[in-house]
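Structure at a glance
Listed below, chain by chain, are the residues.
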Amino acid sequence: MRKKLLLIAIIITAFLLRVYKINLNPPSLSWDEVSIGYNAYSILKTGKDEHGRFLPLDTFIAYGDYKPPIPVYITVPFVAVFGLNETAVRLPVALFGTVTVGLTYLLVLELFHQQKHRQSLALLSSAILAFSPWHLNLSRVGFEAVIALCFIILSVVVFLKARNKKEYFYFAFIPLVAAIYTFNSARYFAPFLGIVLLVFVKQKALAAKKQIVSGIVIAVLLLLPILPHLISPEARLRFKEVNIFSDVDIVKLANKRAETAGNTWLAKLVYNRRVFYGLAFLKHYLDNFEPRFLFIQGDGNPKFSIQDVGQLYIVEAPLLIIGIVALLIEFPSIGIFLLLWLGLAIVPAATARETPHALRILNTLPTWQIFISYGVIYIVEHLNSKQIRQLFSVATIGLYAFFIIFYLHTYYVHYPVEYSGEWQYGYREAFQYAESVKDQYDRIVVSDVIGRPYAYALFYGAYDPNEFLETKQSGFDAAGFYNVSGFGKYQFIRQNTQDLQAKTLYILAAGSKPEGATEVFHVDLLNGTPDLVGFHI
Amino acid sequence: MSLINKYKFLLVILFLAAFLRLYKLGEVPVGPNWDEAALGYNAYSILKTGKDEYGTLLPLSLRSYDDYKPPLYMYLTVPSVGLFGLSLWSTRLPAAINGIVAVLGTFFLVEELITYSDVFKKYKFLPYISALLLALSPWHLQFSRMAFEANIGVTLNIWAIVFCLRGLKRKSFLALATICFGLILYAYHSQRIFAPLLVLVFSIVFRNELFKDRKAIILACIAGLLTVAPLIPVFFNPTTLTRLRGTSSVSDTTGLLRDNVKKLDRDNQNRDLLGKLIDNRRLVYATTILNGYLSHYSLKWLFLEGDNARHHAPGMGLLYQIELPFLLIGLVMVAKKGKKAGIFVLGWMIIAPVAASPTTELPHAIRTLVFLPTFQIVTAVGILTIIECLRKAPMSLKYGVYSLLILAAIGNGLYYFSCYYLLQNYEYSQYWQYGYKQAVEYSKNHYDEYKKIVVSTKLEQPHMFFLFHLIYDPVKYQAEGGTSSGGFAEVKNLFDKYEFRPIHWDSEVKDGQTLYIGKPSEISGSSLQTINYLDGTQAMVISR
């Protein structure tokens, strides 16, 4: 009973941490969030996305980045209830994040079934995930990865439960399929996780061949709608762009070194480009284990980390190591299973050039938290004096409390001020103003300094999707990205224009107001740096 | 004969270690770098006059470039320079010999450790594999083939622990151990902090065996103290501390606290008491030091990139890539079944980066060279664990895995050795301050044509390179004033026809009687000769 109450308390805390001031911090919507929001709105109003495709099941073209469909559909009811605003876009992710915390409890319970400390371990793991800067940071933003992670964990839970109830194998693969429809990195990870899971439960799996085969058939059928997209050139274009294997510098380096080493057959063998691709992969893979990334600063991209706390808390460093080693010693099969999960979830991210990448390896969660919890339990169990045990508990809780407070303080007080520029801050204010005075102008000209202004104009104007489809001037550029240069009264420009026209509202980068024009509003970043200026002549 | 029989594997390993350390010792890496030049020339100077370049008699702290080098390496170089003359090879010879002795020490170290652990005992070949891995280690090879202080400390560490472990059974060895520990303090800065920590870890882990015989311990302590005694004035010398401050990461408070100050301002504006408490500069210091500490457990650093170009071969880190899985498996095994020996080795790995943590330019392969040979021992445990696991496996699987692993190991070895012996000089010659030999050669050949030879101090400590390559008579050098240093005193360095100062090309006399040697950026117009780095970029320009 006490355990149940504790779990409920953890889940409520997790929920509060994920929704408190969700509309204000992070301080503004990123372009991806805006795009998901408006596409959901468009589906809601017309059944079509912003490109006019009717209920797409494979992909949302969006900016030409081909967003997976599930997050958009999940956002639809929230847009229906809350309207087009920050809360509607972010709340679904926060809810999935909260569910993930609860599922982690079930996961650990199943994983360690029959072990004596499984209850405490499960509670601790979910509590650590509830307060995890990694998970917390990402589940307060419209990041698809958080939803995908929830599906992944759900799938593992169903799999583990199927050990005792064969019928569960029918459904076990479905959440993996859902993950594939939710997040790009999950597309490569999910199938491999499925294989690992089958090996992990192999004894039971052999007795349930029928159920498993049917489960796989169901999964494959469910994958059919997205299959053409997965193998399409567009999907591969995005992949290639960020991929290390398309990096010509690696080939150049290999050739140069073979030449320096004398260009003998042996030198050509040793300094083969495949060797260098292998080393590059290893580098990007190991990047995700950089202590600085994990424990000190977190992801270098301020969208994913507040820069003052690692992806994990620093107190967790020794606990993590002890947990991994202790688990491998005491329950090798569980330890190896979790390590395989962790290891495989990094593989897709390691083929990309930007590493480490907190978002692309989000699927490694909650293995870190489980290891850490196991470390804590292991230490407590092995301290034989009661006093030392108490001392350890007090110290651990105290340090955790300190770093959690430090994290929350930094997150709520300093983070929005310091990094509002990273969140495309300014377009909301600009477009809300523009919408309020729209009738006074014939044209509204907006600079794309912050990026993709059309999506913000649609979002904050709640622009009618049909009208947008009729009036938009748009096209795809050479890299496959979608650009909108105008719709309705709006014109979007790259460079600042010289000849100003009457009855036109200009919204340009701060400092570009020409002499003689009348400023009507301006937006500053939260740290005071001028951001945008609105004017007319 | 039976002794040779017993140790024949060991002899092979030592032979391999010696070959790798002595082959082309004077040519790869292309040197000397400035530290090597200083160590070599000061040894030469001590040999001829008993004094260093500043005229200090038998210094206990080698002032050198005001970095006050611990003196042990320099003194070890004296006999080598005496026997073989001053050259890069003779300057590096003590490092190579030390490297070989360290490989031998690792064998005995593991042989001693074996008795304190289940898993170690089971693996008969553990001492051999550990020694072999150290013999082949890119990290150890790098510093066994250049004249630098740190490597001596590593060898002393290993032997000190060998004697400690022996001393648990025969107490007289303890005195040998403390003498070794004492000598470490003469070896390298960061090891002055590491050595006491290692003593501490050892005493905690082996407390039951160690503290049986109080008398032996007191005697050993006295022996150790006597060894250290001459150094005491050096420790209390403020100049030694300047180096400490110079390399400390927390001494530059303005840069470090810039963000923190902004945060505190914001907390003040918000009247946020909690914030003022939390946004504490002490937390910034602590995080900086922890970041430094943890940076040495970066797998990317260890296995792929290394740090400073002089600390690793191009394209390589400090350990073989193929060692990674074995290291991880070894770690688990050592923790699981290592008993006291395991705890000791893990304790050693945990304290190894402590001394380097509060310094700049991290991670740092020299300041944490004391990690050696723990990585090799743990990796060896990992390798033997896998072999043990495969013993019962079906034949085809066993030989399949073996041949795959051996193939990968050979490939990895080939890759590293060609990076080291074939690529290093070409790609990294500029980091090894290449070009002086040619410059000195030129100035010697045209010595009579000029009244004065000006060498730019932008080339970094050129006087030492000229002393080294000219094998300039130390008696004459000291009579001419020796080295002057500190502040802008470097500018005053001159001997014979040579003058070392910045070159301001436009205001130079250029009377045809003065030869100028400087950076390409310093000298314009036509030149007499350009000296290129081995990769073809310009190193120095000679003009008049």
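Just above, that's the structure.
Now for a description of the structure that goes with this document. (Residues numbered from 1 in each chain as written. Chains lettered and ligands numbered in written order. Predicted model: local features only at pLDDT ≥ 70, side-chain atom pairs only at ≥ 80, totals over all residues. Heavy atoms only, no water.)

**Focus on the packing of aromatic side chains**
With the rule as written, the count across this model stands at 89 aromatic pairs over all chains. Relative to A:Y412, the ring of A:Y20 has its centre 5.3 Å away and its plane inclined at 55°; by these criteria the two rings are tilted. Taken together, the residues span a long stretch of sequence, with A:Y20 in the loop between α1 (2–19) and α2 (31–46) and A:Y412 in helix α22 (residues 386–419) at a distance of 392 residues. Arranged with centres 4.0 Å apart and planes meeting at 10°, the rings of B:Y436 and B:F465 form a pair that is stacked. One end of the pair, B:Y436, is in helix α24 (residues 436–445); the other, B:F465, is in helix α25 (residues 462–470), and 29 residues separate them in sequence. For B:Y436, a relative accessible area of 2% translates into the label buried. You can call B:F465 buried: its relative accessible area is 0%. Lying across the ring of A:W31, A:K303 places its NZ or CZ 5.6 Å from the centre. (Phe/Tyr/Trp six-rings, centres within 6.5 Å; stacked < 30°, edge-to-face > 60°. Helix = DSSP H or I, 4+ residues; strand = E, 2+ residues; numbered from the N terminus. Buried < 20%, exposed > 50% of the residue type's maximum accessible area, 1.4 Å probe, protein only. Lys NZ or Arg CZ within 6 Å of the ring centre and 35° of its normal.)

**Structural notes on empty space enclosed by the protein**
To find the voids left in a structure, one rolls a probe of water-molecule size over its atoms. Residue and element names in this part refer to chain A. The tally for this structure, following the rule as stated, stands at 2 cavities of 30 Å³ or more. Volume-wise, the largest cavity comes out at about 40 Å³. In this structure, the largest cavity is lined by I36, P71, T75, V89, V93, G142, F143, E144 and I147. For the lining of the largest cavity, the elements supplying multiple residues, two or more each, are α3 (69–82), α4 (86–111) and α7 (144–161). A breakdown of the residues in the lining of the largest cavity according to their chemical character gives 6 nonpolar, 2 polar and 1 charged. The computed volume of the second largest cavity comes to approximately 40 Å³. Taken together, P133, W134, N137, F304, S305, I306, V309, G310, Q311 and Y407 make up the full set of residues lining the second largest cavity. By residue number, the principal contributor to the lining of the second largest cavity is helix α6 (residues 133–139), which donates 3 residues. A breakdown of the residues in the lining of the second largest cavity according to their chemical character gives 6 nonpolar, 4 polar and no charged. (1 Å grid on protein atoms, 1.4 Å probe; cavity = no way out; pocket = protein on both sides within 12 Å on 5 of 7 lines; lining within 4 Å. Points joined across faces, edges and corners; volume = space filled by probe spheres on them. Nonpolar A, V, L, I, M, F, W, Y, C, P; charged D, E, K, R; others polar.)

**Quick notes on the interface of chain A and chain B**
Taken residue by residue, the interface counts 35 residues in chain A and 37 residues in chain B. When the two sides are added together, the surface that chain A and chain B hide from each other amounts to roughly 3100 Å², 71% of it contributed by carbon and sulfur. Where A:D287 meets B:K300, a salt bridge forms, and the shortest distance between an N and an O atom there is 2.7 Å. For the pair chain A and chain B, the interface holds 12 residue pairs in polar contact (both at pLDDT 80 or more). Those elements giving two or more residues to the side of chain A that touches chain B turn out to be α15 (248–260), α16 (265–270), α17 (273–287), α18 (291–296), α19 (316–330) and α22 of chain A. Considering each element in turn, the side of chain A that touches chain B owes the most residues, 10 residues, to α22(A). Considered class by class, the residues forming the side of chain A that touches chain B number 23 nonpolar, 4 polar and 8 charged. (Contact = heavy atoms within 4.5 Å. Buried area = accessible area lost by both parts, 1.4 Å probe. Salt bridge = Lys/Arg side-chain N within 4 Å of Asp/Glu carboxyl O. Polar contact = N/O pair within 3.5 Å; in protein donor to acceptor, adjacent residues only side chain to side chain.)

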